[in-house]
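# Analysis of the macromolecular model
Chain by chain, the residues run as shown.
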Amino acid sequence: MKTFSPTPENIDRQWYVVDASDQVLGRLASRIAHRLRGKHKPEFAPHMDNGDFIVVVNCEKIRVTGNKLQKKVYYSHSGWVGGLKETTLEKKLAAKPEDVLRLAVRGMLPKNRLGRAMLKKLKIYVGAEHPHAAQEPKPLTFQN
């Protein structure tokens, strides 16, 4: 018996829509990363991108546990001396809530060109509307 190794012709990508209202940030991000990577499929191969497309709506209604709204800090650096900027989760959720979820999922994907390709299949939107109705995404729910 030969070992099955998937080829690009074997990949069957589906579109799913996830409602992020009242979902915990880290748990939702890990489940989305699992789907983007394709680990839920029996033909998973770590060297290939065979995951699904995920559309996330209502990302502004995501919740966190504990004191993370005030204590969790995001850092960015301009490259110049003294160019370190700090932003709390509360400010980032108020300004760009889609970036919070994208950063959480990005940290759970491989840190190479394959991970960057997987992240491109993640579409995040504020509010309940999204422009991907033509792809007929199926609803995807996660149990807490």
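The residue numbers shown here count from 1 along each chain, following its written sequence. With pLDDT at 70 or above as the cut-off, local features in this predicted model cover only qualifying residues; side-chain atom pairs require 80 or more to be listed or tallied, and sums for whole chains, interfaces and linings still use all residues. Side-chain measures here rest on the full set of heavy atoms in the structure, leaving out hydrogens and waters.

This part takes up unusual backbone geometry. Keep in mind that most residues, glycine aside, have a negative phi and that most peptide bonds are trans. At Asn58, a position not held by glycine, the phi torsion is positive, near 60°. Put simply, DSSP marks the helices as runs of H or I at least four residues long and the strands as runs of E at least two long, and each gets a number from the N terminus on. Locating Asn58 in the fold gives a position in the loop between strand E2 (53-57) and helix H2 (68-71). Residue Asn58 is classed as buried on the basis of its relative accessible area of 8%. The phi dihedral of Glu136 falls on the positive side, at around 50°, and the residue is not glycine. Residue burial is assigned from relative accessible area. The probe radius is 1.4 Å, only protein chains are included, and a residue is buried under 20% of its type maximum, exposed over 50%, and partly exposed in between.

The axes used here are C-alpha line fits, helices contributing only the stretch in contact, and every angle between their N-to-C directions lies in the interval 0 to 180 degrees. At a minimum axis distance of 8 Å, the contact between helix H1 (residues 25-37) and helix H4 (residues 97-106) shows a crossing angle of 60°. It follows that H1 is oblique to H4 by the angle criterion. Here H1 and H4 pass one another in a crossing that is right-handed. Only Val100, Leu101, Ala104 and Val105 of H4 make contact with H1, whose side of the interface consists of Leu25, Leu28, Ala29, Ile32, Ala33 and Leu36. Under the scheme applied, nonpolar residues are Ala, Val, Leu, Ile, Met, Phe, Trp, Tyr, Cys and Pro; charged residues are Asp, Glu, Lys and Arg; polar residues are all the others, including Gly. When its residues are assigned to classes, the contact of H1 with H4 shows ten nonpolar, no polar and no charged. Note that the term roughly parallel is reserved for angles under 35 degrees, roughly antiparallel for angles over 145, roughly perpendicular for angles of 65 to 115, and oblique for everything else. Helix crossings get a hand from a simple test, with the near helix turned counterclockwise from the far one by less than a right angle marking a left-handed crossing and a clockwise turn marking a right-handed one. Any two residues whose heavy atoms approach within 4.5 Å are treated as being in contact.

Function-wise, these values are silent; they only describe arrangement.
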